[in-house]
Amino acid sequence: MASRLLWASRAASYLRISVFNRGFASVVKDLKYADSHEWVKVEGTSATVGITDHAQDHLGDVVYVELPEVGASVSQGDSFGAVESVKASSDIYSPVSGKVVEVNEELNTSPGLVNASPYENGWIMKVEIGNTSEVNNLMDSDKYSKFCEEEDAKH
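Remember, predicted model here, so these are calculated numbers, not experimental data.

**Student:** Any chance you could break down the pattern of salt bridges for me, citing the residues and the numbers?
**Tutor:** Counted by the stated rule, this structure contains 2 salt bridges. Its salt-bridge partner being Lys29, residue Asp142 comes within 3.2 Å of it at the nearest N-O pair. In this pair, Asp142 sits in helix 5 (residues 141-154) while Lys29 sits in the loop between helix 1 (2-15) and strand 1 (32-33), placing the two residues 113 residues apart along the sequence. This pair shows no difference in class: Asp142 is exposed, exactly as Lys29 is.

Next up, the structure:
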């Protein structure tokens, strides 16, 4: 009986899906960052948006992502959706203004992509930017890293 329980315990541990915890938050050099912990990758007048590694790390395992509607207008600094985790629910704010042209539908069935790959597979929306000069209001990677360090030191 004891050996059967040990086998079942080991089998369950192999089936468990977990997110690799790095112990530090990564910041990507070529992105811009909002102080509300969203990132944006700008390519001409197109922008891809997601939440940062720092944000997903503080949220914990993401279980649901509320996506905006394609065609919706978003404004810099305004909420466009939410991320729910086992710990908390948090609004997501748009780092740029514009029109939503695509959303990451994969997050409907795999919200954990936000944890596993916040800068690649875990992106949330793509926006056609209305005013590209708004990007100047955002932080570069060095400023965002310092911002996160200072914020974490307060808590």
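**Student:** Please give an account of the sheet that holds strand 8 (residues 98-103) that cites residues and values.
**Tutor:** With respect to topology, 6 strands assemble into an open sheet ordered 1-2-3-9-8-5, the strand pairing being antiparallel. One side of each edge strand has no neighbouring strand; the edge strands of this open sheet are strand 1 and strand 5 (73-74). Direction of pairing for strand 8 relative to strand 9 (residues 125-129): antiparallel, over a ladder of 5 bridges. Residue pairing in the sheet places Glu102 in a bridge with Lys126 of strand 9.

**Student:** Describe in detail the environment of Asn104, supporting the description with residues and values.
**Tutor:** With respect to the element layout, Asn104 can be found in the loop between strand 8 and helix 3 (106-109). The buried category is assigned to Asn104, whose relative accessible area is 4%. Along the sequence, Asn104 and Pro68 sit 36 residues apart, while their C-alpha atoms lie 9.8 Å from each other. For Asn104, the contacting residues outside a window of four places in its chain are Leu67, Asn121, Gly122, Trp123 and Ile124.

**Student:** Summarise the nonpolar core; cite the residues concerned and give the values.
**Tutor:** Ile51, Val96, Ile124 and Met125 are the most contacted members of the largest nonpolar core, which totals 26 residues. For this core, the secondary structure elements donating two or more residues are strand 3 (46-51), helix 2 (53-59), strand 4 (62-66), strand 6 (79-85), strand 8, helix 4 (113-116) and strand 9. Counting 8 residues, the second-largest nonpolar core is a separate cluster that includes Leu31, Tyr119, Met139 and Cys148.

**Student:** An account of a nonpolar patch on the surface is requested, with residue identities and associated values reported.
**Tutor:** Taken together, Val63, Tyr64 and Val86 make up a surface patch of nonpolar side chains, about 300 Å² in accessible area. Within the secondary structure, Val63 is located in strand 4. The partly exposed category is assigned to Val63, whose relative accessible area is 47%.

**Student:** Quick one: what's the story with the confidence of the model for the protein, residue by residue and with numbers?
**Tutor:** On average, the protein scores 86 in pLDDT, and the residues at 70 or more come to 84%. Here residues 1-24 is a poorly scored stretch, pLDDT under 50, and it has 8 contacts once near neighbours within four places are set aside; other chains count.

**Student:** With reference to specific residues and values, describe the sheet that holds strand 6.
**Tutor:** Read from one edge to the other, the open sheet built from 3 strands follows the order 4-6-7, with strand pairing classed as antiparallel. In the strand order of this sheet, the two ends are held by strand 4 and strand 7 (89-93), each with one partner. Here the average twist between neighbouring strands, direction ignored, is 25 degrees.

About the thresholds
Residues numbered from 1 in each chain as written. Predicted model: local features only at pLDDT ≥ 70, side-chain atom pairs only at ≥ 80, totals over all residues. Heavy atoms only, no water. Salt bridge = Lys/Arg side-chain N within 4 Å of Asp/Glu carboxyl O. Helix = DSSP H or I, 4+ residues; strand = E, 2+ residues; numbered from the N terminus. Buried < 20%, exposed > 50% of the residue type's maximum accessible area, 1.4 Å probe, protein only. Pairing = 2+ DSSP bridges. Contact = heavy atoms within 4.5 Å. Core = buried A, V, L, I, M, F, W, Y, C linked by side-chain atoms within 4.5 Å. Patch = residues over 30% accessible without salt bridge, like charges linked within 9 Å, V, L, I, M, F, W, Y side chains within 5 Å. Areas by Shrake-Rupley, 256 points an atom, 1.4 Å probe, with all protein chains shown as cover. pLDDT = per-residue confidence, 0-100. Axes fitted to C-alpha atoms, helices over the stretch in contact; angles between N-to-C directions.

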